Amino acid sequence: MNLNLHVWRQSGPQDKGRMEQIQATGISADMSFLEMLDKVNEDLIAAGQEPIAFDHDCREGICGTCSLMINGVAHGPDGATTTCQLHMRSFQDGDAIYMEPWRARAFPVIRDLMVDRSSFDRIVEAGGYVSVNAGAAPDAHANLIPKAEADLAMDAAACIGCGACVASCPNGSAMLFVAAKIGHLAHLPQGQPERARRARAMVAQMDVEGFGACSNHFECEAVCPKEIPVRFIAEMNRDFLKASLCGQE
Amino acid sequence: MNRTAKTLRSTIGAKALMAVTGVALLLFVLGHMVGNLQVFGGRDMLNKYAHTLQSLGPLLWVIRGALLAILLLHVWAALQVTRANRAARPVAYEHARQDLATSYAARTMLVSGVVVVLFLIYHVLHFTVGAVDFAGSYGGHADLDGTEVHDVYGMVIGGFKHLPTALIYVVANLILVMHIAHGAASLLQTLGFRSQANAGKVRAFGLGFGVLIGIGNLAMPLSIMFGMVGD
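Enquirer: Please provide a residue-by-residue account of the overall build of chain A, values included.
Expert: In terms of regular secondary structure, chain A is built from eight helices and seven strands. Expressed along its principal axes, the backbone C-alpha trace of chain A runs to roughly 60 × 35 × 35 Å. Across the 249 residues that make up chain A, the buried fraction comes to 54%. Restricting to contacts in chain A with at least 6 residues of sequence separation, those with at least 24 account for 68%. Just so you have it, chain A exposes about 10,500 Å², and 50% of that area is on carbon and sulfur atoms.

Structural data, given as structure tokens:
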């Protein structure tokens, strides 16, 4: 199949950037979206042009490195799918495909379609962990956790930190990400001692990074490749308000 | 106090302030509607209700002041959040971001909010102050059990018999319904009461509250406009 690509090209953080039209030819419907980009890049290099810079790593849908706003939808048209797991059979021959980087003040563009997501790392550094003494692994049954709670913790822990929630939010809000990182610990006994401090510190860092607020559009939930529900945002709000207003340490 | 101020300046705190003041405003809108529905009970019933409220004296001004303060806090929180949201995405997408989950009401909260505030100003100038009275129905008096009182009933009937005035109220209330339909459901999520299990009920509550206010508030101008109520 042949495709009419509209790709964001930007040579560096200081460059203004622009959309560029690129014709993709000889694309197989069985290629993944990133394999399609690999093919386009090989053709660009063969023609002596700059290849398109884009983020990728595991290509198995589990690392959260790939991104891409595809025709205005984070990770493209398929639900619960990362860009690397999106396949070209989701498109038709002759389609126009718009590719843009995640857009947020806290995600500055590095080059073309690559953005700097270290603001997410700083939010996690602010409190997305449990402080434990290292040593021998404890017995598996040392902490009894009800199955339902363990499942909820896993639902939140499925977050791969790709940033699709921010990219798709009309407000550029990171609340689904932060809520998932708070939520997976809030549902486990190990997360309890630092629960209040964690909620306050991580939300404070989220605000410092310049992410927007939640207007309950729930666009984040709709594009999340791991289908993390917005219930965790409600739980984060509760944790944050309780911790902040009651002055819990 | 410092702790509260710091919390309110955070994105979640500002949203919580908007939600809590929203609850107060919803209760006011509900009470206001129930009180005014007494127009269907006839001249004496509505005039007596209005006279009772006006006889509250200083307490009336305390209530008015509190309502104004709550409204201003609601607007301040909305502006604070809007400013943060706009700043969060300085470069827009070239291909419009597609909406997959949100609603028209949710996307237009700022616009509907501004319309409601403008309508509120008009509404107070119309029925409370009497400064903007296109229908010319303000300022009459009526007899209530031997006492001369403001003829609120006559003012309302005369006001809504004037077609442009009635239409302003109809349109403004439809926009208010939309604002409430998103707001009433949204505040439950913001304050942390929404879960996957009750998500449907939360949505229905917002829509139901909005529709309830819509039916009550639209019944008055529409029934008077079509001559079903009044003398």
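Let's pick the thread back up.
Enquirer: Talk me through the packing of helix H2 (residues 11–36) of chain B against helix H8 (residues 163–190) of chain B; I want residue IDs and the actual numbers.
Expert: Residue and element names in this part refer to chain B. It is at 9 Å that the axes of H2 and H8 come closest, and there the two elements cross at 130 degrees. What the angle tells us is that H2 and H8 run oblique. As for how H2 packs across H8, the hand of that crossing is left-handed. On H8, the residues touching Lys15, Ala16, Ala19, Gly22, Val23, Leu26 and Val29 of H2 are Leu176, Ile180, Ala184, Leu187 and Thr190. Taken together, the residues that form the contact of H2 with H8 break down as nine nonpolar, two polar and one charged.

Enquirer: Explain the environment of B:Gly65 to me, using residue names and the numbers behind them.
Expert: Residue and element names in this part refer to chain B. Among the secondary structure elements, glycine 65 is positioned in helix H4 (residues 58–88). Judged by relative accessible area, glycine 65 falls into the partly exposed class, the value being 38%. Once the C-alpha coordinates of glycine 65 and histidine 95 are considered, the two residues, 30 residues apart in sequence, prove to be 47 Å apart.

Enquirer: Mind laying out the state of the cysteines, listing which residues take part and the relevant values?
Expert: Residue and element names in this part refer to chain A. Applying the stated criterion across every chain yields a total of zero disulfides over all chains. Its sulfur unpaired, cysteine 220 is 6.4 Å from the next cysteine sulfur, which belongs to cysteine 214. Since its relative accessible area comes to 11%, cysteine 220 is described here as buried.

Enquirer: Pulling in residues and values, what's your account of the domain arrangement of chain A?
Expert: Residues and elements named next belong to chain A. Partitioning chain A into structural domains gives domain 1 (3–110) and domain 2 (117–245). Once you take the C-alpha centre of each, domain 1 and domain 2 turn out to be 28 Å apart. Every contact between the two is made by 20 residues of domain 1 and, on the other side, 19 residues of domain 2. Both sides together, the interface formed by domain 1 and domain 2 hides about 1,400 Å², and carbon and sulfur atoms give 62% of it. Of all residues in domain 1, Ala80, Ala106 and Phe107 bury the most surface against domain 2, accounting for 35% of the area lost on that side. The tally of links between domain 1 and domain 2 comes to one salt bridge. Here arginine 117 ties to aspartate 55 by a salt bridge, and the two come within 3.2 Å at their closest N and O atoms. At the boundary of domain 1 and domain 2, one finds six residue pairs in polar contact (both at pLDDT 80 or more).

Enquirer: Give a detailed account of the nonpolar core, specifying residues and quantitative values.
Expert: Among the nonpolar cores identified, the biggest contains 69 residues, and A:Val178, A:Phe211, A:Ile233 and A:Met236 are the most heavily contacted of them. Ranked by the residues each element gives to this core, the list is headed by H2(B), at nine residues. Two domains each provide a minimum of three residues to this core, namely domain 1 (3–110) and domain 2 (117–245) of chain A. Excluding anything up to four places from it in sequence, A:Met236 contacts A:Met175, A:Val178, A:Ala179, A:Ile182, A:Val203 and B:Ile12.

Enquirer: Quick rundown of the sheet that holds strand E3 (residues 69–70) of chain A? Include the residues and the values.
Expert: Here five strands make up an open sheet; going across it, the order is E2-E1-E5-E3-E4 (chain A) and the pairing mixed. In the strand order of this sheet, the two ends are held by strand E2 (18–24) and strand E4 (73–74) of chain A, each with one partner.

Enquirer: Give me the pattern of salt bridges: which residues, what numbers.
Expert: Residue and element names in this part refer to chain A. In the structure shown here, the tally under the stated rule is 16 salt bridges over all chains. Where glutamate 209 meets arginine 122, a salt bridge forms, and the shortest distance between an N and an O atom there is 2.7 Å. Taken together, the positions of glutamate 209 in helix H6 (residues 195–209) and arginine 122 in helix H2 (residues 118–125) put the pair 87 residues apart, joining distant regions of the chain. Relative accessible area serves as the criterion here: at 12%, glutamate 209 is assigned to the buried category. One salt-bridge network, in which partners are shared between bridges, spans Arg9, Arg18, Glu20 and Asp112.

Reading the values: the criteria
Residues numbered from 1 in each chain as written. Chains lettered and ligands numbered in written order. Predicted model: local features only at pLDDT ≥ 70, side-chain atom pairs only at ≥ 80, totals over all residues. Heavy atoms only, no water. Helix = DSSP H or I, 4+ residues; strand = E, 2+ residues; numbered from the N terminus. Buried < 20%, exposed > 50% of the residue type's maximum accessible area, 1.4 Å probe, protein only. Contact = heavy atoms within 4.5 Å. Areas by Shrake-Rupley, 256 points an atom, 1.4 Å probe, with all protein chains shown as cover. Axes fitted to C-alpha atoms, helices over the stretch in contact; angles between N-to-C directions. Parallel < 35°, antiparallel > 145°, perpendicular 65-115°, else oblique. Left-handed = near helix turned anticlockwise from the far one by under 90°. Nonpolar A, V, L, I, M, F, W, Y, C, P; charged D, E, K, R; others polar. Disulfide = S-S within 2.5 Å. Domains from an automatic or database assignment. Buried area = accessible area lost by both parts, 1.4 Å probe. Salt bridge = Lys/Arg side-chain N within 4 Å of Asp/Glu carboxyl O. Polar contact = N/O pair within 3.5 Å; in protein donor to acceptor, adjacent residues only side chain to side chain. Core = buried A, V, L, I, M, F, W, Y, C linked by side-chain atoms within 4.5 Å. Pairing = 2+ DSSP bridges.

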